[in-house]
Amino acid sequence: MTTQLPVYGPRQAAPRPKRGAPNAVRWTLAVLLCLAIGGGTGYGITTLQRGRLPGLHTASDGRWAFPRTAPPALQPGEPLPGDRRANPAGRHFAALGGLLVPLPRGAVREATARGGAVPTLLALYQPGGRTKMSAAISEERLRSSAAEAWSMPDGTHTVVVLLQAKTGAEAESLLTEHLDVRSMDTPTLAKAAEVRSDDDEQTIAPHSAKAIAYAEAEPYGDEQVRIAYSVMGDTVAVVAQWHRAYTPPLPFHQTAVLQNRLLA
């Protein structure tokens, strides 16, 4: 009896599983994971305060921290001073004391302004011309006035005076003829024999009809004085600042701008 053996052909390799799809899935997941981590890191960097990031600490540029403020609310029908059609006289209907720039963080209120706005203003000028200046201001028949004064821990002193005339035209006349330190009828400043124009005076009071700013010219003495005048409607704002040896311009500009915005 003959036993027939099975005939084997060439051995066929088992089909390999398709790897394309799983690999693509794994790569896709890896990319998404990287994007998620990177995006989260980026979000964290953009939302963190810069000063809290290692190596990215931002030093103070000298600005003061003023509280958030807004002008007092007006009664219905009371127009803003800049509304020339509804308010041709440019009158501020809000109480003038509520329009004063507030004290910045760290400031100590000084007693300088307690004697009244006009005496506080006159004290900024040379004694020899104060009597004539006081008479001129009285002739303008002020509707109201307000003043504030403070000192900072670094020794900077600030005085702010608001004078409200009857009309915007009278306020401009008050400034140009009797307050501007370079006017012929105005005495020189008590702390500065000579001043020069401030190059940034238009940015100090961008909303006002008129803005003038000065800095004490070199060589100056123990203190340098800066002073700014601005008119908005029927009110003149005077901001004076001085510091031993040198008065940084940034806090001065910042104070003048904030005061002007409250009057706008």
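Remember, predicted model here, so these are calculated numbers, not experimental data.

**Q** Let's hear about the sheet that holds strand β7 (residues 235-244): which residues, and what values?
**A** Read across the open sheet, the seven strands follow the order β1-β2-β3-β7-β6-β5-β4; overall the sheet is antiparallel. Every other strand in the sheet has two partners, leaving β1 (108-109) and β4 (195-197) as the edge strands with one partner each. The strands touched by helix α4 (residues 168-179) within the sheet are β3 (157-164), β5 (210-216), β6 (223-232) and β7, with β7 carrying the most contacts at an inclination of about 40°.

**Q** Can you break down the confidence of the model for the protein chain residue by residue, with the values?
**A** Detail in the predicted coordinates should be disregarded across regions flagged by low pLDDT. Taken as a whole, the protein chain shows an average pLDDT of 79; of its residues, 73% reach a score of 70 or greater. Confidence drops under pLDDT 50 across residues 5-18; counting only partners more than four residues distant or on other chains, this segment forms zero contacts. Here residues 36-58 scores under 50 on pLDDT; set against residues more than four positions off or in separate chains, the count is eight contacts.

**Q** Pulling in residues and values, what's your account of the nonpolar core?
**A** Residues L121, Y125, L179, Y229 and V238 are the most contacted members of the largest nonpolar core, which totals 32 residues. Counting only elements with at least two residues in this core, the list comes to α2 (117-122), α3 (130-139), β2 (144-151), β3, α4, β5, β6 and β7. Filtering out sequence-adjacent residues up to four positions away, V238 remains in contact with L121, L124, V159, V160, V161, L179, I227, A228 and Y229.

**Q** Which residues make up the packing of aromatic side chains, and what are the values?
**A** For the structure on display, the rule yields three aromatic pairs. Look at W64 and F66: their rings are 6.3 Å apart centre to centre, the planes differ by 45°, and that puts the pair in the tilted class. The class for W64 is buried, based on a relative accessible area of 10%. For F66, a relative accessible area of 16% puts it in the buried group. When the centroid spacing of 6.5 Å and the interplanar angle of 65° are considered together, the rings of W64 and W150 count as edge-to-face. Remark: W150 occurs in strand β2 and W64 occurs in the loop between α1 (20-47) and β1; sequence separation between them is 86 residues. Each member of the pair W64 and W150 is classed as buried. Members of the aromatic cluster, connected to one another through ring pairs, are W64, F66 and W150.

**Q** Give a detailed account of unusual backbone geometry, specifying residues and quantitative values.
**A** Residue E218 is joined to P219 through a cis peptide bond whose omega torsion reads -5°. Located in the positive-phi region is A245, a residue other than glycine, with phi close to 75°. Tracing the sequence through the fold places A245 in the loop between β7 and α6 (249-263).

**Q** I'd like to hear about a nonpolar patch on the surface, residue by residue, with values.
**A** Residues L74, L80 and F93 make up a contiguous nonpolar surface patch of about 240 Å² in total accessible area. Note that L80 resides in the loop between α1 and β1.

**Q** Could you give me a rundown of the pairing of β3, with the residues and numbers involved?
**A** Burial analysis of β3 places seven of its eight residues in the buried class, which makes it a mostly covered element. Alignment of β2 against β3, held across eight bridges, turns out to be antiparallel. By the bridge assignment for β3, S144 is matched with Q164. A loop of five residues connects β2 with β3, the two strands running antiparallel in sequence, and G155 in this loop sits at a positive phi of about 95°. With eight bridges connecting them, β3 and β7 associate as antiparallel partners. Counterpart to L162 in the pairing with β7 is A237.

Thresholds, definitions, all that
Residues numbered from 1 in each chain as written. Predicted model: local features only at pLDDT ≥ 70, side-chain atom pairs only at ≥ 80, totals over all residues. Heavy atoms only, no water. Pairing = 2+ DSSP bridges. Helix = DSSP H or I, 4+ residues; strand = E, 2+ residues; numbered from the N terminus. Contact = heavy atoms within 4.5 Å. Axes fitted to C-alpha atoms, helices over the stretch in contact; angles between N-to-C directions. pLDDT = per-residue confidence, 0-100. Core = buried A, V, L, I, M, F, W, Y, C linked by side-chain atoms within 4.5 Å. Buried < 20%, exposed > 50% of the residue type's maximum accessible area, 1.4 Å probe, protein only. Phe/Tyr/Trp six-rings, centres within 6.5 Å; stacked < 30°, edge-to-face > 60°. Patch = residues over 30% accessible without salt bridge, like charges linked within 9 Å, V, L, I, M, F, W, Y side chains within 5 Å. Areas by Shrake-Rupley, 256 points an atom, 1.4 Å probe, with all protein chains shown as cover. Salt bridge = Lys/Arg side-chain N within 4 Å of Asp/Glu carboxyl O.

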